[in-house]
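# Fold and contact review
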Amino acid sequence: MTNVLLRYANLVLVTLFILSLLSFLLAYLFPGQALENLTGLRFNNLTELQNSQIKYSVDDNIFVQYWYYMGELFAGNWGISFNSGLPLYEDVGHYLPASIELSAYALFLSFFIGLPLGFLAALRHHKLTDYSLLSVSLLGYSIPVFWLALIMILVFSLQLGWFPLSGRISLLFEIPGITNFILIDILLSDSIDKQAALISAFRHLILPTVSIAFVTTTMIFRITRRSVIETLNSEFILAAYARGLTPRQVLMRHGVRNALIPIFPLLAMQFPTLLTNAMIVESIFSWPGIGNWLIQAIYQQDYPAIRAGMLAVSVLVVIFTMSIDLIIRLTDPRRRRAERAAI
């Protein structure tokens, strides 16, 4: 286990080093002066320019500059946004939780719907239920996320008026940003009607969450179905039937657990897709997340914000993916046996 942890730690460190190096080089690839792209400052006087040159050691070679750049990153000095004039560390900390929250709810909804339907289709293999669910999943997988989001706005917001058109919560509520996760902040606040605020937040969450979760649900359904079918046709399942176990006992004791093992790595693979889809949907629903913020930064040519936002999202995806893969490697008995056999 120690060797596995060390390998993953080294892999994470190398990956983060590459991401930080790319974010540093973006300052030189973007139009304008590299020092302005790093700091976000428009140098109107000589004193500010000289102080920044000393801080980032611009007179030295690029390796020394990168070293000082990393020091500023770890100190929380990510630069200033050209657009808002606010520190980028605070901007990222404000907008990123909204995207994580939206992606997490969509992932939970996808597993809540996709797993049972996958088991149902597998248990009704080559029957009408299986073919019907497969057809629906193929349709759902083929629908672009942005098109689905626009259709849901047209139907459920504009025509039926069931859900809000945009935003994260009604403007009637002023929620203090303690954690920047809207539901947690509502529960922590003492100055509002929590029940009404929670209802408003959930109503704002439904359409963007469903839009993101739709495609992921179909993928989880198809992988679950395939995994369950392969598991039920395995030799140990046939041996369990030979010992006289009922189909229910076979499914609950041996089928479910072994069928779920190949599915959980999907969690690591789907999170980047979910986060990407969330960044697309955010701009459609005016959701105040990192995706909407980055798109506005691109439109306004806010190069420091683009650099900082891309770095923050990339680091989040890498850490999440590596963590899930490590947990699976440590808990999956088949992987442990394969590693012992290799040794």
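Residues numbered from 1 in each chain as written. Predicted model: local features only at pLDDT ≥ 70, side-chain atom pairs only at ≥ 80, totals over all residues. Heavy atoms only, no water.

### Quick word on the pattern of salt bridges
Applying the stated criterion to the full structure yields three salt bridges. Across the pair Arg 168 and Glu 101 runs a salt bridge whose closest N-O atoms are separated by 2.7 Å. Of this pair, Arg 168 sits in the loop between α7 (145-159) and α8 (182-188) while Glu 101 sits in helix α5 (residues 88-123); the two residues are 67 residues apart in sequence, bridging distant segments of the chain. For the pair Arg 168 and Glu 101, one class covers both residues: buried. Across the pair Asp 130 and Arg 225 runs a salt bridge, and its minimum N-O distance is 2.7 Å. With Asp 130 in helix α6 (residues 128-142) and Arg 225 in helix α9 (residues 194-232), this residue pair connects regions lying 95 residues apart in the sequence. Exposure remark for Asp 130: the relative accessible area of 0% places this residue in the buried category. (Salt bridge = Lys/Arg side-chain N within 4 Å of Asp/Glu carboxyl O. Helix = DSSP H or I, 4+ residues; strand = E, 2+ residues; numbered from the N terminus. Buried < 20%, exposed > 50% of the residue type's maximum accessible area, 1.4 Å probe, protein only.)

### Quick word on the domain arrangement of the chain
What the domain assignment reports for the chain is domain 1 (1-75) and domain 2 (90-301). Inter-centroid distance (C-alpha atoms) of domain 1 to domain 2 is 35 Å. (Domains from an automatic or database assignment.)

### Side note on the packing of α5 against α9
Two elements in contact, α5 and α9, have axes whose closest approach is 6 Å; the angle formed by their N-to-C orientations is 35°. Between α5 and α9 lies a crossing whose hand is right-handed. Class assignment of the residues belonging to the contact of α5 with α9 gives a composition of 22 nonpolar, seven polar and one charged. (Axes fitted to C-alpha atoms, helices over the stretch in contact; angles between N-to-C directions. Left-handed = near helix turned anticlockwise from the far one by under 90°. Nonpolar A, V, L, I, M, F, W, Y, C, P; charged D, E, K, R; others polar.)

### A word on the environment of Phe 221
Inspection of the secondary structure assignment puts Phe 221 in helix α9. In this structure the C-alpha to C-alpha distance between Phe 221 and Thr 39, which are 182 residues apart in sequence, comes to 46 Å. If sequence neighbours within four positions are ignored, Phe 221 has contacts with Gly 114, Leu 117, Gly 118, Ala 121, Leu 133, Leu 134 and Ser 137. (Contact = heavy atoms within 4.5 Å.)

### Section: the nonpolar core
With 41 residues, the main nonpolar core has Ile 169, Ile 175, Ile 182, Ile 186 and Ile 212 as its most contacted residues. Looking at this core, the elements that each hand over two or more residues are α5, α7, α8, α9, α11 (247-260) and α12 (265-285). Among all residues touching Ile 169, those that are not within four sequence positions of it are Ile 175, Ile 182, Ile 186, Ala 197, Ser 200, Ala 201 and His 204. Formed by 37 residues, the second largest nonpolar core is a distinct cluster that contains Tyr 56, Leu 275, Tyr 303 and Val 313. (Core = buried A, V, L, I, M, F, W, Y, C linked by side-chain atoms within 4.5 Å.)

### Things to note about the environment of Gly 140
Along the chain, the position of Gly 140 falls in helix α6. The exposure class of Gly 140 is buried, given its relative accessible area of 1%. The spatial distance from the C-alpha of Gly 140 to the C-alpha of Leu 158 is 23 Å, given a sequence separation of 18 residues. Ignoring sequence-local partners within four residues, the contact set of Gly 140 consists of Phe 214, Val 215 and Thr 218.

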